[in-house]
2 protein chains.
Amino acid sequence: MKDFGQNRPEPQPMAIALEEANLAFDRGEVPVGAVIADADGKIVARDGNRTLELKDPTAHAEMLVIRAACKSVASERLGGLDLYVTLEPCPMCASAISFARIRRVYYGALDEKSGGVDHGPRIFAQGSCHHAPEVYGGIRESESAALLRRFFRARR
Amino acid sequence: MKDFGQNRPEPQPMAIALEEANLAFDRGEVPVGAVIADADGKIVARDGNRTLELKDPTAHAEMLVIRAACKSVASERLGGLDLYVTLEPCPMCASAISFARIRRVYYGALDEKSGGVDHGPRIFAQGSCHHAPEVYGGIRESESAALLRRFFRARR
């Protein structure tokens, strides 16, 4: 078990998201991990990217934890819950986050190329976005980004 | 069995998508239906919106057929296949369509409020969009739109 630095001020669920990203890396998936937790940091769902394993282009880490958390709370709304993810969500995941009424999004690495929160379509800033969560980017960014760099370097 | 006008020039899979939208209506779901078909119009997957039934905010008709078609062809890519949907896809579904490498999108009613193809973030026109399908909007628009109007009027 790696020590992700429990004594740091960052929210604990991001350490779990990083664990999930590492597990995704070990499965040969783009290493992104996500967690849904309540306001006290209690974990409701955790998972990593499984698009290759499940042969499902929608199986991004965020989508999997949103679906699992909805199942867990028996509702298609997750108001009051927060999402932690190691990479800036893409437009698909950002839209799903909005539909699920997630309270806050904490993300790790910025994704200038494919991100949909602080880049590209900036989904939460669109007039058509009916619910925009609070967003905190760059949480444990360097670890998330280093893992992604290691993955893409190995694949070249 | 309703006659959706098989002799009209519109692609036959849209008639099936309209059937699925009607079935969604009968389930109390926002009435949107979708089909994935090959270039000859052979149906690979068909379904309607099930967000309430599945308690899953990601269970839009398009997402369900993409996931079912990927399962059917055992791949996370659907190159060469086309998607028919009775309403302009939202940004979540548009992104999933791009990830799945769908060849063409035929959609019915325009969605000025929540659409993500020809409105709002216009996902396929974003520089970050790695695959943009051909898009044909307004196919059997009036029937799709009338069904949606009937649904929302009944809920008011």
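This report concerns the structure included in the present document.

Criteria and cut-off values
- Residues numbered from 1 in each chain as written.
- Chains lettered and ligands numbered in written order.
- Predicted model: local features only at pLDDT ≥ 70, side-chain atom pairs only at ≥ 80, totals over all residues.
- Heavy atoms only, no water.
- Pairing = 2+ DSSP bridges.
- Helix = DSSP H or I, 4+ residues; strand = E, 2+ residues; numbered from the N terminus.
- Axes fitted to C-alpha atoms, helices over the stretch in contact; angles between N-to-C directions.
- Contact = heavy atoms within 4.5 Å.
- Least-squares fit on C-alpha atoms with pLDDT ≥ 70 in both.
- Polar contact = N/O pair within 3.5 Å; in protein donor to acceptor, adjacent residues only side chain to side chain.

Observations regarding the sheet that holds strand E1 (residues 33–37) of chain B
Hydrogen bonding along the main chain pairs the strands of a sheet, whether they run parallel or antiparallel.
All names here are of chain B.
Then step 1. Judged by pairing direction, the sheet is mixed, and its five strands sit side by side in the order E2-E1-E3-E4-E5 without closing on themselves. A single partner strand is all that each edge strand has here, and the edge strands are strand E2 (43–48) and strand E5 (134–136). Sheet twist, expressed as the mean angle between neighbouring strand axes with direction ignored, is 15°.
Then step 2. Sitting on the sheet, helix H4 (residues 141–155) touches strand E3 (82–87) and strand E4 (104–109), and the angle it makes with E4 is about 55°.

A word on the relation of the copies chain B and chain A
Then step 1. Once turned by 180° and shifted 0.0 Å along the axis, chain B lies on chain A with an RMSD of 0.0 Å. In short, the pair behaves as if placed about a two-fold rotation axis. For chain B, the smallest separation between a C-alpha atom and the rotation axis is recorded for B:Met92, amounting to 1.9 Å.
Then step 2. Residue by residue, 100% of the interface of chain B is reproduced at the interface of chain A, so both copies engage with the same surface.

Some thoughts on the side chain of B:Asp47
Residues and elements named next belong to chain B.
Then step 1. Mapped onto the elements of the fold, aspartate 47 is located in strand E2.
Then step 2. Side chain to side chain, aspartate 47 and arginine 50 meet in a polar contact 2.8 Å long.
Then step 3. Ignoring sequence-local partners within four residues, the contact set of aspartate 47 consists of Glu20, Gly33, Ala34, Ala61, Leu64 and Val65.

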